[in-house]
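Results of the structural survey
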Amino acid sequence: GYKDNTNMAGVCVSEKVNGPWINLGHVFKNIGRDSWHRFEEADAAIFFYEGYSYMTFAGWDGRDISKGQRVGIVQLDKQMKAISPATILVEALEPWQKRNDNSKVFNPVFLKDNKGKERIYYSHNPSVPGIVTGWGYVEIGKPRGEGGR
């Protein structure tokens, strides 16, 4: 995934890691952007899970600094376009998730560890003394009411 000079996320594909690349365009072109990520879709990352394509990203509305960036996910069709509005996975609600009075969570990526745990990790860049910069995560799986974690 990429973010262009319009702050919109898009997808490029290639048969080879070094190109040539084909730009498939903006992910939300067909359905529009929700208000929570209308200003920016940063750190786009594509992953494939159980036969489906997804994109995680950090979104921002450009207005409400108190809410700051939010980590979102959206399912993509075969043309790498969003099939529905994105879902917010993480909001920066804790005081330690701020930097320069801006709430920050970003760089979401899907990873599966060597024990089979599937998670979407994200960065936080705190400014509170004693809290180190690090990663948080969201577990992947069934909802709690359906036997998930």
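Scroll up for the structure.
The following paragraphs examine the structure supplied in this document. All residue numbers refer to positions counted from 1 along the written sequence of the respective chain. Totals for whole chains, interfaces and linings use every residue, but because this is a predicted model, local features are given only for residues with pLDDT of at least 70 and side-chain atom pairs only at 80 or more, for both listing and counting. Side-chain figures throughout are based on the complete set of non-hydrogen atoms in the structure, without hydrogens or water.

The next subject is the overall build of the protein chain. A count of helices and strands for the protein chain gives 0 helices and 12 strands. Here a helix means four or more residues in a row that DSSP labels H or I, a strand means two or more in a row labelled E, and each is numbered from the N terminus. Beginning at the N terminus, the succession of helices and strands in the protein chain can be written as β-β-β-β-β-β-β-β-β-β-β-β. Considering only residue pairs separated by 6 or more positions, the protein chain has 39% of its internal contacts joining residues 24 or more positions apart. The method behind every accessible area is Shrake-Rupley, applied with a 1.4 Å probe, and residues are considered shielded solely by the protein chains displayed. A total accessible area of about 9100 Å² is found for the protein chain, and carbon and sulfur atoms account for 51% of it. We call two residues in contact when some of their heavy atoms are within 4.5 Å.

Only Phe, Tyr and Trp rings are paired, with Trp represented by its six-membered ring, and only when their centres lie within 6.5 Å; those with planes under 30 degrees apart are stacked, over 60 edge-to-face, the remainder tilted. On inspection of all chains with the given rule, the structure shows 7 aromatic pairs. Ring plane angle 15° and centroid distance 5.4 Å describe the contact between Trp36 and Phe57, whose orientation is recorded as stacked. You can see Trp36 sitting in the loop between β3 (22-26) and β4 (40-49) and its partner Phe57 sitting in strand β5 (residues 52-60), a full 21 residues away along the chain. You'll find Trp36 and Phe57 in the same group, each marked buried. Here the aromatic residues Phe47, Tyr49, Tyr54 and Phe110 are joined through ring pairs into a cluster of three or more. Only Lys NZ and Arg CZ are tested; either one counts as a charge over a ring when it is within 6 Å of the ring centre and within 35 degrees of the ring normal. Here the basic side chain of Arg119 rests over the ring of Tyr137, its NZ or CZ set 3.8 Å away from the ring centre. Exposure classes here rest on a 1.4 Å probe applied to the protein chains alone. A residue is buried below 20% of its type maximum, exposed above 50%, and partly exposed in between.

Strands qualify as paired when DSSP identifies two bridges or more between them. Pairing is antiparallel across the open sheet formed by 4 strands, whose spatial order is β4-β5-β6-β7. In the strand order of this sheet, the two ends are held by β4 and β7 (87-91), each with one partner. Shown here is a sheet whose adjacent strand axes are inclined to one another by a mean of 25°, direction ignored. Interaxial angle, 0 to 180 degrees, is taken between N-to-C directions of lines fitted to C-alpha atoms, where a helix line uses only the stretch in contact.

On to the environment of Ala86, then. With respect to the helices, strands and loops of the structure, Ala86 is situated in the loop between β6 (70-76) and β7. Since its relative accessible area comes to 9%, Ala86 is described here as buried. Discounting chain neighbours no more than four positions away, the residues touching Ala86 are Phe28, Asp34, Trp36, His37, Phe57, Ile73 and Val74.

Glancing now at the pattern of salt bridges. One side-chain nitrogen of Lys or Arg within 4 Å of one carboxyl oxygen of Asp or Glu is enough to make a salt bridge. For the structure on display, the rule yields 5 salt bridges. Here Lys3 makes a salt bridge to Glu40, at a shortest N to O gap of 2.9 Å. You can see Lys3 sitting in strand β1 (residues 2-3) and its partner Glu40 sitting in strand β4, a full 37 residues away along the chain. Under the relative-accessibility criterion, Lys3 is labelled partly exposed at 39%. The exposure class assigned to Glu40 is buried, which follows from its relative accessible area of 13%. Where Glu139 meets Arg119, a salt bridge forms, and the shortest distance between an N and an O atom there is 3.1 Å. One end of the pair, Glu139, is in strand β12 (residues 134-139); the other, Arg119, is in strand β11 (residues 118-124), and 20 residues separate them in sequence.

A separate point is unusual backbone geometry. Following Gly19, the chain continues into Pro20 via a peptide bond in cis, with omega recorded as 5°. Topologically, Pro20 is positioned in the loop between β2 (9-13) and β3. Of note in the backbone geometry, Glu50 takes a positive phi value of approximately 50° without being a glycine. One can find Glu50 in the loop between β4 and β5. Although it is not a glycine, Met80 adopts a positive phi angle of roughly 60°. Assignment of secondary structure puts Met80 in the loop between β6 and β7. According to the relative accessible area criterion, Met80 is buried, its value standing at 9%.

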